Amino acid sequence: MTIQDFQQLIADGAALNTPEIVAFMRQQTVKAQRITCEYNTGFHEPEERREMLSRLFGYELDKTVIINPPFSTDFGKNLHIAPRVFINAGCQFQDQGGIWIGEGCLIGPQVVFATLNHGFAPDDRQSLYHKPIRLGRNVWIGAHVTILQGVTIGDNAVVAAGAVVTKDVEANTIVGGVPAKFIKRIE
């Protein structure tokens, strides 16, 4: 299986529950861990960081993107980051299901992006189901936020620190809480 084959399975909405798919995901996790361990240990100049992350993501990362270590992803190849994005320290990206971060987004420390879930029925518990996470342009995610699978956050939205986002967030709004709820519109 190739990255392109896997990404096509994701795009088709296929369940990630065959031995071949699970083995492929585990292989990719080991590759991602190798690069993120290197990224997170010692000091690296910005250009060296960008090179490591470009290798991890499989595309050239824009020079305006800043990702502070420690940084964690368990796949890497399905994380799509636009220019002028800032990601603070300690963020975790479970990106097998796809994560798209729009231009100019600000992501606070210790944010979790979770694109996978297990089946709820006991006989389906080992199956993995995925849905992408999408952030529009100029989204601000506060510290310690968790964003769950299938969530889209609209342009210019703000997610307050500590929120758990389980549903889509409209553009130009502020949400917060557990689960995240509408607080107010941004004028």
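Residues numbered from 1 in each chain as written. Predicted model: local features only at pLDDT ≥ 70, side-chain atom pairs only at ≥ 80, totals over all residues. Heavy atoms only, no water.

## Digging into the packing of helix α2 (residues 19-40) against helix α3 (residues 46-57)
Part 1 of the argument: For the pair α2 and α3, the least separation of the axes is 10 Å and the interaxial angle reads 170°. By the angle between their axes, α2 is roughly antiparallel relative to α3. Within the contact between the two elements, α2 uses Ala-32, Ile-35, Thr-36, Glu-38 and Tyr-39 and α3 uses Arg-49, Met-52, Leu-53, Arg-55 and Leu-56.
Part 2 of the argument: Across the contact of α2 with α3, the residue classes break down as 6 nonpolar, 1 polar and 3 charged. (Axes fitted to C-alpha atoms, helices over the stretch in contact; angles between N-to-C directions. Helix = DSSP H or I, 4+ residues; strand = E, 2+ residues; numbered from the N terminus. Parallel < 35°, antiparallel > 145°, perpendicular 65-115°, else oblique. Contact = heavy atoms within 4.5 Å. Nonpolar A, V, L, I, M, F, W, Y, C, P; charged D, E, K, R; others polar.)

## Some words on the side chain of Arg-50
Part 1 of the argument: Summarising the element assignment, Arg-50 is placed in helix α3.
Part 2 of the argument: At 3.3 Å, the side chain of Arg-50 forms a polar contact with the backbone oxygen of Lys-63.
Part 3 of the argument: If we skip the residues at most four places from it in the chain, Arg-50 touches Leu-61, Asp-62, Lys-63 and Val-65. (Polar contact = N/O pair within 3.5 Å; in protein donor to acceptor, adjacent residues only side chain to side chain.)

## Quick notes on the sheet that holds strand β3 (residues 79-81)
Part 1 of the argument: An order of β3-β6-β11-β14 is seen for the 4 strands of this open sheet, with the pairing classed as parallel. The open sheet terminates on both sides in strands that have one partner only, identified here as β3 and β14 (152-153).
Part 2 of the argument: Relative to strand β6 (residues 99-101), β3 runs parallel, the two being bridged by 3 bridges. Bridge pairing in β6 places Ile-81 opposite Ile-101. (Pairing = 2+ DSSP bridges.)

## Thoughts on α2
The α-helix advances 3.6 residues per turn, and as a result positions three or four apart in sequence lie on the same side.
Part 1 of the argument: Under the 1.5 Å per step criterion, the end-to-end length of α2 is 31 Å for 22 residues, consistent within 8% with the ideal 32 Å.
Part 2 of the argument: Among the residues of α2, those classed as buried are Ile-21, Phe-24, Met-25, Gln-28, Thr-29, Ala-32, Ile-35, Thr-36 and Tyr-39. Looking straight down α2, one finds that the buried residues subtend no more than 140° of arc, so they occupy a single side. Every exposed residue of α2 that faces more than 90 degrees away from the buried side is listed here: Pro-19, Arg-26 and Arg-34.
Part 3 of the argument: Positioned one or two residues after α2, Gly-42 has a phi angle of 75°, which is positive. (Expected span 1.5 Å × (residues − 1). Buried < 20%, exposed > 50% of the residue type's maximum accessible area, 1.4 Å probe, protein only. Arc of directions from axis to C-beta.)

## A look at the nonpolar core
Part 1 of the argument: Judged by nonpolar contacts, the single largest core of 37 residues is most densely connected at Ile-67, Ile-81, Ile-101, Leu-135, Ile-141, Ile-147 and Ile-153.
Part 2 of the argument: Contributions of two or more residues to this core are made by α2, α3, β3, β5 (91-94), β6 and β11 (133-135).
Part 3 of the argument: With 4 residues, the top contributor of residues to this core is α3.
Part 4 of the argument: When sequence neighbours within four positions are dropped, the list of residues in contact with Leu-135 reads Trp-100, Ile-101, Gly-102, Cys-105, Ile-107, Phe-113, Ile-141, Ile-147 and Ile-153. (Core = buried A, V, L, I, M, F, W, Y, C linked by side-chain atoms within 4.5 Å.)

## Re the sheet that holds strand β13 (residues 146-148)
Part 1 of the argument: Ordered in space as β2-β5-β8-β13-β16, the 5 strands form an open sheet in which the pairing is parallel. With partners counted over all chains shown, the strands left at the sheet margins are β2 (71-73) and β16 (164-165), one partner each.

## Remarks on the pattern of salt bridges
Part 1 of the argument: A full pass over the atoms with the stated rule returns 6 salt bridges.
Part 2 of the argument: The salt bridge involving Glu-47 is made with Arg-50; its shortest N-O contact spans 3.3 Å. On the criterion of helical spacing, the pair formed by Glu-47 and Arg-50 is a turn pair, its members being 3 residues apart in helix α3.
Part 3 of the argument: Judged by its relative accessible area of 46%, Glu-47 falls in the partly exposed class.
Part 4 of the argument: Classification of Arg-50 by relative accessible area gives buried; the value is 12%.
Part 5 of the argument: Note that Glu-103 and Arg-137 form a salt bridge whose closest N and O atoms lie 3.3 Å from each other. Of this pair, Glu-103 sits in the loop between β6 and β7 (106-107) while Arg-137 sits in the loop between β11 and β12 (140-141); the two residues are 34 residues apart in sequence, bridging distant segments of the chain.
Part 6 of the argument: Its relative accessible area of 25% is what places Glu-103 among the partly exposed residues.
Part 7 of the argument: A single salt-bridge network, built from bridges that share partners, covers Glu-38, Glu-51 and Arg-55. (Salt bridge = Lys/Arg side-chain N within 4 Å of Asp/Glu carboxyl O.)

Coordinates in, geometry out; function isn't part of it.
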